[in-house]
Amino acid sequence: MTFVCSTACFRRVSIDVALEEIRRVGFDAIDLNLIPGFCDHFDAARQLAVERQDFVTLVRDSGLRVPTVTAALGDFNSSAGAGGFILRSALAHLKLAAQLASDGLNVICGKLAVQGGDFTTPAVVQAKGLKEITKEAAQLGLNLNVRPQHNGDSSRSLEQARFFVEQIGEGNVFFLLDVSQMQTAGVRPEEAVRMLAGRIGHVRLPDSIGADLHAFLEELERVRYDGCCALEVDAGENIAGAGQRLRQLVDHLGSWRAGVCPAKTSV
């Protein structure tokens, strides 16, 4: 597996500064995070083609590879009449990812599992919309890595996640495993790896998660996961602080690779 840096680590500064800082820390690849209202480095859905080309040139000139692009496209199952815009936004992000020679687009999904409520109906609606996006991705040689929402006990949530991806039913759709989000939902990350092995397309690894990273990363290696783990920290507007926390997380992961990683981390 490859450790890359999420541009969300420097979401409060301009993209050119973010890329420079990421390179300074020592990364050679990024997960390009483009979520309006959270990481406003570029809005692929609302920019003209010429503006997208300028952005692509800026990123390419940084010398950083872009294995994945992360986007929040919208929820087919909670935004009445928004399906057309979601599809247009998806196509814009897919084109951007293709121009950057990415392997896939990471998509944060809709409200799929409400505690005590109906899961199947909204999941099927969301999956139907994402199926169209996945087909567009295939035309561009890209994968779609989806992060279903989790809620409730771990076995039920993971079964729902698998059901959801099976509903999309395309060969180029994979899971995005977000360690922090899984923990919040009570899902053990290593259990997710075991259940979803072979269909994991991207991993998000934030700091301060208090997770058993050793077990999680060992499980990823055991199932021969060869994709990206995107590191994400948040030090506010403190650029130096974000860089320091990234280095700490990288050092921690380096220790794990050397076989001396502690079971818990809160860097």
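Residues numbered from 1 in each chain as written. Predicted model: local features only at pLDDT ≥ 70, side-chain atom pairs only at ≥ 80, totals over all residues. Heavy atoms only, no water.

Regarding the pattern of salt bridges
Summed over all chains, the structure comprises twelve salt bridges. Asp 43 is paired through a salt bridge with Arg 46; the nearest N and O atoms lie 3.4 Å apart. You can call Arg 46 exposed: its relative accessible area is 57%. Ionic pairing is found between Lys 135 and Glu 132, a salt bridge with its closest N-O pair at 4.0 Å. Linking Lys 135 with Glu 132, this pair stays in helix α4 (residues 120-139), spanning three residues, or about one helical turn. The class of Lys 135 is partly exposed, set by a relative accessible area of 37%. One connected set of salt bridges, linked through shared partners, spans Arg 147, Asp 178, Arg 204 and Glu 232. (Salt bridge = Lys/Arg side-chain N within 4 Å of Asp/Glu carboxyl O. Buried < 20%, exposed > 50% of the residue type's maximum accessible area, 1.4 Å probe, protein only. Helix = DSSP H or I, 4+ residues; strand = E, 2+ residues; numbered from the N terminus.)

Examining the sheet that holds strand β6 (residues 173-178)
A barrel is described by the order of its strands in space; here eight strands give the closed sequence β1-β2-β3-β4-β5-β6-β7-β8, paired in parallel fashion. For this sheet, the mean angle separating the axes of adjacent strands, direction not counted, is 30°. (Pairing = 2+ DSSP bridges. Axes fitted to C-alpha atoms, helices over the stretch in contact; angles between N-to-C directions.)

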